[in-house]
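Here's the letter readout for the chains.
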Amino acid sequence: MKYPVDRCSYWLRSGDFELATHAHLPASGAATTAVLLCNTVGHEAIHAYRSMVRLGDEIAAGGRAAFRFDLAGTGNSSGDADAGDLVAAWQRNLVDEVRDLKERWAFKQVAVVGFRLAAPLLTAVLDELDIDGITFWEPVTRGKAFVREIQAVAQFAADPNVGDPGRIESGGFTFTADTVKSIGSLSLDASAIRDGLPVLLISRGKNARLNADSLAGRSPFEELRSREYDRMICEPHYTELPLDSIARVDGWLKSITMPDGDTIRQPDLRDTANVTGDSHPHIVTESFFRTAEGSLFGIVARPADYEPGRTPTVVLPNAGSVCSVGPNRIYAQTARALAAAGLEVVRFDLRNLGDSVSGDVEAANEPYPEFASADMQRVLAHCRASFGATSFVLAGLCSGAHTSYHFALAHDDQAVQEIVLINPLTYYYTPGMSLDNPLQHRTVRHAKSYVRSARRPENWRRLLTGQVNYRRLAKFSIRVLLRLIRNGARKVASLWTHHPLSRMDEDLARLHERGLRVTYVFSDTDPGYWIARVDSPSTFRRLANSGESAVIFIKDADHTLSRSDNRAELIEHLTRHLQPDGAA
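About the thresholds
- Each chain has its residues counted from 1, following the order in which its sequence is written.
- Thresholds applied to this predicted model are a pLDDT of at least 70 for local features of residues and 80 or more for the giving and counting of side-chain atom pairs; totals over whole chains, interfaces and linings are not thresholded and use all residues.
- Excluded from the side-chain calculations are hydrogens and water; all other atoms, namely the structure's heavy atoms, are used.
- Per residue, pLDDT captures the predictor's confidence, and it can take any value from 0 to 100.
- Residues are treated as being in contact if the distance between any of their heavy atoms lies within 4.5 Å.
- Three exposure classes are used, based on accessible area relative to the maximum for each residue type with a 1.4 Å probe and protein chains only: buried under 20%, partly exposed in between, and exposed over 50%.
- By the criteria applied, helices consist of DSSP H or I runs no shorter than four residues and strands consist of E runs no shorter than two, each listed in order from the N terminus.
- A pair of strands is treated as paired once DSSP finds two or more bridges between them.
- Place the viewer so that the strands point away; then a crossover is right-handed whenever the path from the first strand over the helix to the second strand goes clockwise.
- Nonpolar cores are built from buried Ala, Val, Leu, Ile, Met, Phe, Trp, Tyr and Cys residues. Side-chain atoms within 4.5 Å join them into one set.
- To estimate the expected span of a helix, subtract one from its residue number and multiply by 1.5 Å.

A. Spatial organisation of the confidence of the model for the chain. Summarising the model, the chain shows a mean pLDDT of 89, and 87% of its residues fall at 70 or more. The model gives residues 441-448 a pLDDT under 50, and that stretch makes 19 contacts with residues more than four places away or in other chains.

Right under this line is the structure:
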């Protein structure tokens, strides 16, 4: 079911930043009330993205307009997390977004929803906001508690404070020492809520700072106790929509705002912005787009002086179930860096993910949908028709690598010159396969573990004295033995038939014969390289050894390159590999 909602995306200038903003408008074209959805920061913002999109659609389907945006230095907005103290910028973003809805859009009423850290950011500037209602969703009540949370997550990083003792790298996102200090000074201030302003609180338990007593009867107050938060911010491919909370927010908004009726006065909106700033030596612009039928959302980044068709267009489909921003914001950063180097780069959402989703869709939130290749084909057609693209490099992380690989296999498109596969967890996904730990991944990981263990004498003593899990060891040994038998049988068969040894051998050989280059980028702790060696014991090794396929390794990196230095190294490798001759 598709919602009766019209979507548009635009850039809003706020101080030194361009904010990526998305409108959900009733299909009737009429609304008196706008609702601004204010997401949080860090990994929680990425994980909650799906829920914010759904909330926007529900609100618009009910006759109110909804607006989402990314805070400065986060998501698809401009700016870098390393750009000093961002808290003041975030507070200004909130003020500017509300003011824009009141002044340019001319909505008579504006309500806001603040999720997690957005809650104390809102109360800090509440006296500057002309609003008619506010929802606090699982609010951070004390900034110091939030800092402790991101510090706890940062402990999982191998080196969480690279180069700056006050800096925190948490869950793939960077917080400078100045930003951390400013976050620590935030608090949810109930006294800032003006008399008569309706308040809705959604939380897992009683909130000591925000409740009917703290408001002392000054404002209408409602509360929903919900346990949906944990499921809505788990890993993106496992998130569940908080449908009860969404329905409560929508119902509450209808109870406090005027019914729809006024025709929406849509102002002139900018779909293109300079995301690097005028002082940058290589200015990059980004433009929002939707494919011809309106179903797929994407962003194209390019140099300000780009000439259509001058270089291959690099295309990035979703990595996992994360929106076009990419895990740890890696797609936004990569696209802008490659554009600064002279390339045109497109990142887009498959029809079941990110900003392409509308309503209940087929294969909702699945990272390996059967229609991924069809969606890729639509985007390439749009690039040809709208951007003048003449050739392509398809790249992607994790499932994005799988999408690029299988599009190349299914379509003999001579315009596709190269595919770049970054940390694929599997080269041949089948429904039901684990999204976290495919069998090939487990086999490779266990093999490496057993090799390391075999080098330690104490482990041999444990084996001989019955202190190991013999059942697990036996299951692993059987898997390896069966794989060796299969590979041996393929080798024997290939001698008689002169055919490649495996499906992947055959597929890679076919791509090579067509002149399509395959480049691999692997984190050295990830299994993709070893899976390729096992699944393609002939062609992969031959092409890699001859240099006809480039194989790049990122040292000490995890699957999604959650450390900033690993992402910087990836971007440097890709820039060097793809940079056109004579470019910046």
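B. Looking closely at the pairing of strand 6 (residues 133-137). Where burial is concerned, most of strand 6 is hidden: five out of the five residues are buried. By the bridge criterion, five bridges tie strand 5 (residues 109-115) to strand 6 in an arrangement that is parallel. Within strand 6, the position partnered with valine 112 by the bridge is isoleucine 134. In the classification by handedness, the crossover that spans strand 5, the intervening helix 3 (residues 118-124) and the parallel strand 6 is right-handed. Where strand 6 and strand 9 (residues 199-203) come together, four bridges link them in parallel fashion. Bridge pairing in strand 9 places threonine 135 opposite leucine 200.

C. Spatial organisation of the nonpolar core. Ranked by internal contacts, the top residues of the largest apolar core, which has 66 residues, are Phe67, Trp90 and Phe107. With seven residues, the top contributor of residues to this core is helix 2 (residues 87-103). Formed by 39 residues, the second largest nonpolar core is a distinct cluster that contains Leu350, Phe387, Phe392 and Ile531.

D. Seen up close, helix 11 (residues 399-410). In a regular helix each residue adds 1.5 Å, so twelve residues correspond to 16 Å; helix 11 covers 16 Å between its end C-alpha atoms and thus fits that length. By the criterion of burial, helix 11 is predominantly enclosed, with eleven of the twelve residues buried. Taken together, the buried positions of helix 11 are Ser399, Gly400, Ala401, His402, Thr403, Ser404, Tyr405, His406, Phe407, Ala408 and Leu409. In the core, the buried residues of helix 11 are packed alongside helix 9 (330-340), helix 10 (372-387), strand 16 (392-397), strand 17 (416-422) and helix 15 (503-513).

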